[in-house]
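Each chain is listed here by its residues.
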Amino acid sequence: MICCDFCDEWYHSNCVDLSPRELDGIEAFRCPRCSRRQNLYYLDKKLVRRESLGRRPALARVENCVAQMQAQLVACPPGAQELMAYIHAVKGVENDVSTFVRDFALRPFSPAAYATLDYVRTQEVAVVQLMERVTSLEVGLETAQLQLGAVHWCLRACQLVLGRNNHAPRYAHLAALLQDVRSQEPGFVFPREEYRMMQLTIAERVNKAAQWMRAAKTLEVEEWNVEKARRLQREAEELGAYLELPAAELQLVQNIAAGHVHQTVGAVDVEEEEEEEEEVIPDSPSAVAWNKQ
């Protein structure tokens, strides 16, 4: 089974279509429900491929068919005018996407703007509306879909990193952002250089955190290595300035750094029972008065 890093729900690997090999190599998992909640349905490569091969031919292919038909036939068959009108409407959607992406790229990069939730929501609503128009077409617009996906990624990354949160973003959430970029390659192009630099910064910090987690997991068989645990504890304080490490690894490092050796459940239960027996219950006011008498 695998746990979603966003909603903390557990799923069978077969239910989310993950093989054992994929389970071993996954860094962060987002369940289908959270993907829909975050409007990330366009990241489903299997769905996109099925639609593209099944009922959504590329726009260029449809245009070539219409051009050949017009060149070889004296009169267009019934329905050709409707098809040409539909192609014109598709081009209108494509132009709307290009205009939105161009305006987004020309807009100055402002961390203060991304700190306000209303700005991010307004931009995200516009992206989702355009994405719904693109994915509802009977013709595939792969370039437009990739462009909108890049803008949507930039909005989510800025909200996660630059937003006014009470705590640092979780490691799994940042790792999921990097997975989203890799899932759309090749073809993923950042609207501005600042967003690409942000992605590189996130990747650098996630890699450092991944190295820390691998070192922390080795402490499960190196409980005697207190010096290593204390070094990892200092590194965790530095990493905690910009991301939240998994609680299990943090607790393991803290326990070993403090000299707490792993104990069995039975031993812990015995110690708790002894503490309960030794606990002194203070006398009630009535008992104190009775003793005085």
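Everything below is about the structure shown above.
Calculation notes
Residues numbered from 1 in each chain as written. Predicted model: local features only at pLDDT ≥ 70, side-chain atom pairs only at ≥ 80, totals over all residues. Heavy atoms only, no water. Helix = DSSP H or I, 4+ residues; strand = E, 2+ residues; numbered from the N terminus. Contact = heavy atoms within 4.5 Å. Buried < 20%, exposed > 50% of the residue type's maximum accessible area, 1.4 Å probe, protein only. Expected span 1.5 Å × (residues − 1). Arc of directions from axis to C-beta.

Turning our eyes to something else, we now look at the environment of Ala105. Along the chain, Ala105 falls in helix α5 (residues 80–106). A sequence separation of 46 residues divides Ala105 from Val151, and the C-alpha atoms of the two residues are 8.9 Å apart. With residues up to four places along the chain from it excluded, the contact list for Ala105 reads Pro191 and Arg192.

Further remarks concern the environment of Gln147. For Gln147, the position within the fold is in helix α8 (residues 142–162). A relative accessible area of 29% means that Gln147 is categorised as partly exposed. Along the chain, Gln147 and Met131 lie 16 residues apart, while their C-alpha atoms are 9.8 Å from each other.

Taking 1.5 Å per residue as the helical rise, α8 with its 21 residues ought to reach 30 Å, and the 30 Å between its terminal C-alpha atoms agrees with that figure. Most of α8 sits out of view: 15 of its 21 residues are buried.

For the rest of this paragraph, the subject is helix α7 (residues 117–135). Helix length check: α7, at 19 residues, gives a terminal C-alpha distance of 26 Å against a target of 27 Å (1.5 Å per residue), a fit within 8%. Val120, Gln123, Glu124, Val127, Val128, Leu130, Met131, Val134 and Thr135 are the residues of α7 that are buried. For α7, the buried positions fall inside an angular range of 170 degrees around the axis, keeping them on one side. Seen from the buried face of α7, the exposed residues on the opposite side, beyond 90 degrees, are Asp118 and Thr122.

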